[in-house]
Amino acid sequence: MVSSKTCQEEERLAKTAVSFRDKLPCAGKILPQRFDLFRDMHVFIICLAMKLPDVDFVIKFKPEAIVKRDGSWGEYLRIVNEAGIDLSKLRNYTVEFNVNTHDLILNSDVIIALQSSTAVESSVAGKPVILPLFYNYKESKNFNDFSWRNHLDLYDVAESADELEVLVKKRLKNPEIDERIMRGRRKLFSDCFSDIDG
């Protein structure tokens, strides 16, 4: 169970998202709830790390994000800081920049990804991949530009943080991917990148 401190952290995080949206109003036009999704995803993963201390959680930022402190890395730092979250107390939660993405995928049990090639790379490696499509994302204008919109059947889809938690726990217990889905994933990978067989 999440402590009452976490509820206070979530309240502070809500205020953080509003102030960030005010500073970059054009970004909110991409998906009005983009900042809510970003905040909720990171709060969710931190809370889940608290609930599941025997499971390691790794957040992977691109190496250039640390240099650009005004982008997603800066927003992440603000969320954690304003919520008063002491990540050093979470031994099963790390943030990585310079780790090999493919090694990380191969050593992971479950992948949460959105608009990233990591979703396809992880899926072709036979990993459970969960797409967090919160805030009615499928009904938004942005969904038309969502790379994997015609391939949702190849992934697990969570439309809320509660669904995401259920799916993560389910996939930790049962990571098997049906062969029919794997065929579709290999075809998607070939269409997006190159033929796996050479």
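For the structure, check the block above.
Residues numbered from 1 in each chain as written. Predicted model: local features only at pLDDT ≥ 70, side-chain atom pairs only at ≥ 80, totals over all residues. Heavy atoms only, no water.

Trainee: Got a sec to walk through the packing of helix α6 (residues 117-124) against helix α8 (residues 179-192)? Specific residues and values, please.
Mentor: Taken N-terminus to C-terminus, the directions of α6 and α8 make an angle of 135°; their axes are 9 Å apart at the nearest point. For the element pair α6 / α8, the angle class is oblique. Of the two elements, α6 crosses α8, and the hand of that crossing is left-handed. Contact residues: Val120, Glu121, Ser123 and Val124 in α6; Met182, Arg185, Arg186, Leu188 and Phe189 in α8. (Axes fitted to C-alpha atoms, helices over the stretch in contact; angles between N-to-C directions. Helix = DSSP H or I, 4+ residues; strand = E, 2+ residues; numbered from the N terminus. Parallel < 35°, antiparallel > 145°, perpendicular 65-115°, else oblique. Left-handed = near helix turned anticlockwise from the far one by under 90°. Contact = heavy atoms within 4.5 Å.)

Trainee: Outline the sheet that holds strand β4 (residues 129-132), listing residues and values.
Mentor: One open sheet holds the three strands; their spatial order is β3-β4-β5, and the pairing between them is parallel. Looking at which strands have only one partner, the edges of the open sheet turn out to be β3 (111-112) and β5 (156-158). Strand direction decides the pairing type here: β4 and β5, joined by three bridges, are parallel. Within the sheet, the bridge partner assigned to Ile130 lies in β5 and is Asp156. Where α6 meets the sheet, it contacts β3 and β4, and its direction lies at approximately 155° from that of β4. Across the sheet, helix α7 (residues 161-173) touches β3, β4 and β5, and the angle it forms with β5 is around 150°. (Pairing = 2+ DSSP bridges.)

Trainee: Report on α6, specifying residues and quantitative values.
Mentor: Where α6 is concerned, the buried positions are Ala119, Val120, Glu121, Ser122 and Ser123. Taken together, the buried residues of α6 touch α5 (101-106), β3, β4 and α8. (Buried < 20%, exposed > 50% of the residue type's maximum accessible area, 1.4 Å probe, protein only.)

Trainee: Give me the lowdown on the pattern of salt bridges, citing residues and values where you can.
Mentor: Evaluated as defined, the whole model comprises seven salt bridges. Close ionic contact of Lys187 with Asp191 constitutes a salt bridge, the shortest N to O distance being 2.9 Å. One end of the pair is Lys187 and the other is Asp191, both in helix α8 and four residues apart, which spans about a single turn. No difference in accessibility class separates Lys187 from Asp191, as the two residues are exposed. Linked through salt bridges whose partners overlap, the residues forming this network are Lys51, Glu165 and Lys169. (Salt bridge = Lys/Arg side-chain N within 4 Å of Asp/Glu carboxyl O.)

Trainee: Talk me through the environment of Arg39; I want residue IDs and the actual numbers.
Mentor: Within the secondary structure layout, Arg39 lies in helix α3 (residues 34-51). Assessed through its relative accessible area of 10%, Arg39 is described here as buried. Note: C-alpha distance between Arg39 and Val80 (41 residues apart in sequence) is 9.4 Å.

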